[in-house]
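Analysis of the macromolecular model
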Amino acid sequence: QVQLVESGGGLVQPGGSLRLSCAASGFTFSNYAMNWYRQAPGKERELVAGITSTGGSTNYADSVKGRFAISRDNAKNTVYLQMNSLKPEDTAVYYCNARRRVLGTINYWGQGTQVTVSS
């Protein structure tokens, strides 16, 4: 069955760094674009970063440009999100998403990992 398992979340001080990982299984990872979303309490889920299936192109929310970097390793079926210069407003549950558009859209989601930025 399809699984997306996030890891690497936790509590970090403002200005610190975290690296999230998302391990995929149960589907052909290299055929899917991968995204990181986040959802803070009382807010809608928002797209943080995305990467194409080959890793050739990335995109970022304006709020994280220059601080976050998304990457993938298709040999390991894993996508990463390197988060630097973290701010309290980055506090949220971070979700991994796999998406493929072929005669419609297929979406898979992970269970989420909590990131808390606080002193």
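Remember, predicted model here, so these are calculated numbers, not experimental data.

What counts and how
Residues numbered from 1 in each chain as written. Predicted model: local features only at pLDDT ≥ 70, side-chain atom pairs only at ≥ 80, totals over all residues. Heavy atoms only, no water. Core = buried A, V, L, I, M, F, W, Y, C linked by side-chain atoms within 4.5 Å. Buried < 20%, exposed > 50% of the residue type's maximum accessible area, 1.4 Å probe, protein only. Helix = DSSP H or I, 4+ residues; strand = E, 2+ residues; numbered from the N terminus. Contact = heavy atoms within 4.5 Å. Phe/Tyr/Trp six-rings, centres within 6.5 Å; stacked < 30°, edge-to-face > 60°. Lys NZ or Arg CZ within 6 Å of the ring centre and 35° of its normal. Disulfide = S-S within 2.5 Å.

Things to note about the nonpolar core
- Ranked by size, the top nonpolar core spans 29 residues in total, and within it Met34, Trp36, Val79, Leu81, Met83 and Tyr94 carry the most contacts.
- Put simply, the parts of the chain that give this core at least two residues each are strand E3 (18-25), strand E4 (33-39), strand E5 (46-51), strand E7 (68-73), strand E8 (78-83), strand E9 (92-101) and strand E11 (113-117).
- If we ignore the near neighbours within four places in the chain, the residues touching Met83 are Gly16, Ser17, Leu18, Leu20, Arg67, Phe68, Tyr94 and Val115.

Some points on the packing of aromatic side chains
- A complete count under the given rule lists four aromatic pairs for this structure.
- Ring centres 4.8 Å apart and planes at 70° place the aromatic pair Phe27 and Tyr32 in the edge-to-face group. The same class applies to Phe27 as to Tyr32, namely buried.
- Over the ring of Tyr95 we find Arg45; its NZ or CZ atom is 3.8 Å from the centre of that ring.
- For Arg72, the ring lying beneath its charged end belongs to Phe29, and the centroid distance is 4.4 Å.

Re the state of the cysteines
- The full count for this structure, using the stated rule, is one disulfide.
- Put simply, Cys22 and Cys96 are joined by a disulfide, and their sulfur atoms are 2.1 Å apart. Disulfide Cys22 to Cys96: torsion about the S-S bond roughly -80°, handedness left-handed. Placement of Cys22 in strand E3 and of Cys96 in strand E9 is noted, with a sequence separation of 74 residues between them.
- Looking at Cys22, the relative accessible area reads 0%, which means it is buried.

Looking at the environment of Gly26
- In this fold, Gly26 is placed in the loop between E3 and E4.
- Judged by its relative accessible area of 56%, Gly26 is exposed.
- Distance in space between the C-alpha atoms of Gly26 and Ser57 is 24 Å, their sequence separation being 31 residues.
- Apart from the residues lying within four places of it in its own chain, the contact partners of Gly26 are Gln1 and Val2.

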